[in-house]
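# Geometric and topological summary
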Amino acid sequence: DDETAMEMSFNTATDCDALESMYKRVLQRNQSHVATLQHYGNLLMRLRHNYTGAEVMYQRVLEIVPDHVQALCNYGNLLHNHLGDGDKAQVLYTKALAVMPNHTTTLSNYGLFLQNEKGDVVKAEELYKQALVTDPTHATTLYNYARLLQEEKRDVVGAEDMFKRALQSDPDHSHVLCSYGLLRLVNHHDTDGAEALYRRALQSDPTHVATLYNYGSLLEGVRQNYSGSEEMYKRVLARDPNHSTTLSNYGGLLHTVLREYDKAEEMYQRALERDPNSTATLCNYGLLQQTVRGKYEPAERLYLRSLDVDGGHVATLCNYAYLSATMQNYTKAQHLLKQALVAEPSHEFAQHFLGWVRNKTIVTAPTTPTPASPVITTPVHVVGGVA
């Protein structure tokens, strides 16, 4: 019959446009077809990023079936991750679990909500474990639990085991591939392994922002493949023009490698509009003002803003010390460098420059050393659990 044929069409559709067209055709025939409303809401949320449209679909499902567990779960996910209404999301998650206490996706998503929004790591872990009792192969739960183990409990071995189990269940899960790649890079210094995982993630989802950013950072900071890095950053910004960390890192690349200073300054300014308290951006933009523009007062203001956020930010302390020495304030430069060495005793630039500053008033010193390199922040991404 027509319904069976339509269901087969859903299962064999290969692109978003074809699916959306089919959903619309079903709803023209039957505006209350719950399964279609639910699937269409998922498409609008996950693929179209049309969050208001997705909300309408989930609301229509719940008007027809108030206890529809998957709609309650997905609507909670939408409110939590995209619409910023955590209170309402929590109500929907708890209602879904009251109807079906072992619903795996709700347990996983509610655990993520409690972990990220409420800081309740203990309860989040309980929910992840409960979900995995119900379904030991649920990839998203394994992924969320891996991140909790890695970031909250510093259990790298446990996190790696969860990532591997998730990939056994879903070898193309882009979130898992991206986060496991970051673990391989940061914790094992396995550049080749991380790159292979990032490439797999991008084969699965060529527009996956976290992977594009992480891979761009790897290409810039480890491979020194600057053209490849720039390509990745551009692909991130094509997808998300306000991705603040990419704006900051791309600004650093334009500033220190490509020497496109006007464009670099634009990137720094856009990054600070999005994240005014980014120490990396404030430090790097201060360095540009200092060494490229020769504008010492704006540079100092940027360094002070960075230190207001993090008084032990080593790169800022070193660059501010360099600025102070340039302005012949050697006492202040010494003070800043000593602070840097308290935070990082083995920092070579701070050690070398402190010796230079101490000798400055005693002997004729060589040309002022090069300032500390701009910061590239370690990329760690939080991606909301999904059904």
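Quick caveat: nothing in here was measured; it's all calculated off a predicted structure. (Residues numbered from 1 in each chain as written. Predicted model: local features only at pLDDT ≥ 70, side-chain atom pairs only at ≥ 80, totals over all residues. Heavy atoms only, no water.)

## Re the overall build of the chain
Regarding its fold elements, the chain presents 21 helices and zero strands. A fraction of 48% describes how many contacts in the chain between residues 6 or more apart in sequence connect residues 24 or more apart. Here the chain displays about 18200 Å² of accessible surface, and carbon together with sulfur accounts for 48% of that area. (Helix = DSSP H or I, 4+ residues; strand = E, 2+ residues; numbered from the N terminus. Contact = heavy atoms within 4.5 Å. Areas by Shrake-Rupley, 256 points an atom, 1.4 Å probe, with all protein chains shown as cover.)

## As for the environment of histidine 255
In this structure, histidine 255 sits in helix H15 (residues 244–256). For the pair histidine 255 and asparagine 284, spaced 29 residues apart in sequence, the C-alpha separation works out to 8.7 Å. With sequence-adjacent residues up to four places away left out, histidine 255 is seen in contact with Tyr261, Ala264, Tyr268, Asn284, Leu287, Leu288, Thr291 and Val292. A polar side-chain atom of histidine 255 sits 3.0 Å from a polar atom in the side chain of tyrosine 268. (Polar contact = N/O pair within 3.5 Å; in protein donor to acceptor, adjacent residues only side chain to side chain.)

## Here's the deal with the nonpolar core
Residues Tyr40, Leu43, Tyr75 and Tyr110 are the most contacted members of the largest nonpolar core, which totals 32 residues. If sequence neighbours within four positions are ignored, tyrosine 40 has contacts with Glu20, Tyr23, Lys24, Leu27 and Met57. (Core = buried A, V, L, I, M, F, W, Y, C linked by side-chain atoms within 4.5 Å. Buried < 20%, exposed > 50% of the residue type's maximum accessible area, 1.4 Å probe, protein only.)

## A look at helix H7 (residues 104–117)
Between its first and last C-alpha atoms H7 spans 20 Å; for 14 residues at 1.5 Å apiece the expected length is 20 Å, and the two agree. Inspection of H7 places Thr104, Thr105, Thr106, Leu107, Ser108, Asn109, Tyr110, Gly111, Leu112, Phe113, Leu114 and Gln115 among the buried residues, and these make up the whole buried set. Contacts from the buried residues of H7 go to helix H5 (69–83), helix H6 (86–99), helix H8 (121–134) and helix H9 (139–151). (Expected span 1.5 Å × (residues − 1).)

## A few points about the pattern of salt bridges
Applying the stated criterion across every chain yields a total of 17 salt bridges. Here lysine 123 and glutamate 126 are joined by a salt bridge, their closest N and O atoms 3.7 Å apart. Of this pair, lysine 123 and glutamate 126 both sit in helix H8, separated by three residues, roughly a single helical turn. Exposure remark for lysine 123: the relative accessible area of 34% places this residue in the partly exposed category. For the salt bridge of arginine 184 with aspartate 190, the shortest nitrogen-to-oxygen distance reads 3.2 Å. A relative accessible area of 19% means that arginine 184 is categorised as buried. With relative accessibility at 23%, the residue aspartate 190 sits in the partly exposed group. (Salt bridge = Lys/Arg side-chain N within 4 Å of Asp/Glu carboxyl O.)

## A look at the state of the cysteines
Under the criterion given, the structure shown has zero disulfides. Cysteine 283 takes part in no disulfide bond, and the closest cysteine sulfur to it belongs to cysteine 318, at a distance of 8.8 Å. The buried category is assigned to cysteine 283, whose relative accessible area is 0%. (Disulfide = S-S within 2.5 Å.)

## Some details on the confidence of the model for the chain
Looking at the chain as a whole, the pLDDT averages 91, with 89% of positions reaching at least 70. In the model, residues 376–387 has pLDDT below 50 throughout and makes 44 contacts with residues more than four positions away in sequence or in other chains. (pLDDT = per-residue confidence, 0-100.)

## Examining the packing of H7 against H8
At their nearest, the axes of H7 and H8 sit 8 Å apart, and the two run at 165 degrees to each other. Between H7 and H8, the angle falls in the class roughly antiparallel. At the point where H7 passes H8, the crossing takes the left-handed sense. Contacts between H7 and H8 involve Thr104, Leu107, Ser108, Tyr110, Gly111, Leu112, Leu114 and Gln115 on the former and, on the latter, Lys123, Ala124, Leu127, Tyr128, Gln130, Ala131 and Thr134. The class makeup of the residues in the contact of H7 with H8 is eight nonpolar, six polar and one charged. (Axes fitted to C-alpha atoms, helices over the stretch in contact; angles between N-to-C directions. Parallel < 35°, antiparallel > 145°, perpendicular 65-115°, else oblique. Left-handed = near helix turned anticlockwise from the far one by under 90°. Nonpolar A, V, L, I, M, F, W, Y, C, P; charged D, E, K, R; others polar.)

## Notes on the packing of aromatic side chains
Using the criterion set out here, one finds 15 aromatic pairs in the structure. Ring plane angle 35 degrees and centroid distance 6.4 Å describe the contact between tyrosine 213 and tyrosine 233, whose orientation is recorded as tilted. Of the two residues, tyrosine 213 sits in helix H13 (residues 209–223) while tyrosine 233 sits in helix H14 (residues 226–239), which places them 20 residues apart along the sequence. For tyrosine 233, a relative accessible area of 0% corresponds to the buried category. Site record: aromatic cluster; members linked through ring pairs are Tyr322, Phe349, Phe353 and Trp356. (Phe/Tyr/Trp six-rings, centres within 6.5 Å; stacked < 30°, edge-to-face > 60°.)

## Considerations on the side chain of glutamate 20
Along the polypeptide, glutamate 20 turns up in helix H2 (residues 16–29). The contacts of glutamate 20, once residues within four sequence positions are left out, are Tyr40, Leu43, Leu44 and Arg48.

## Let's talk about the environment of asparagine 109
Its place among the elements puts asparagine 109 in helix H7. Exposure remark for asparagine 109: the relative accessible area of 2% places this residue in the buried category. Residues asparagine 109 and tyrosine 128 lie 19 residues apart in sequence; the distance between their C-alpha atoms is 9.0 Å.

## Considerations on the packing of helix H4 (residues 51–64) against H5
Running from N to C, H4 and H5 cross one another at 155 degrees; their axes reach a closest spacing of 10 Å. In terms of orientation, H4 lies roughly antiparallel with respect to H5. Where H4 crosses over H5, the handedness of that crossing is left-handed. Every residue of H5 that contacts H4 at Tyr51, Ala54, Glu55, Tyr58, Gln59, Val61 and Leu62 is listed here: Ala71, Leu72, Asn74, Tyr75, Leu78, Leu79, His82 and Leu83.

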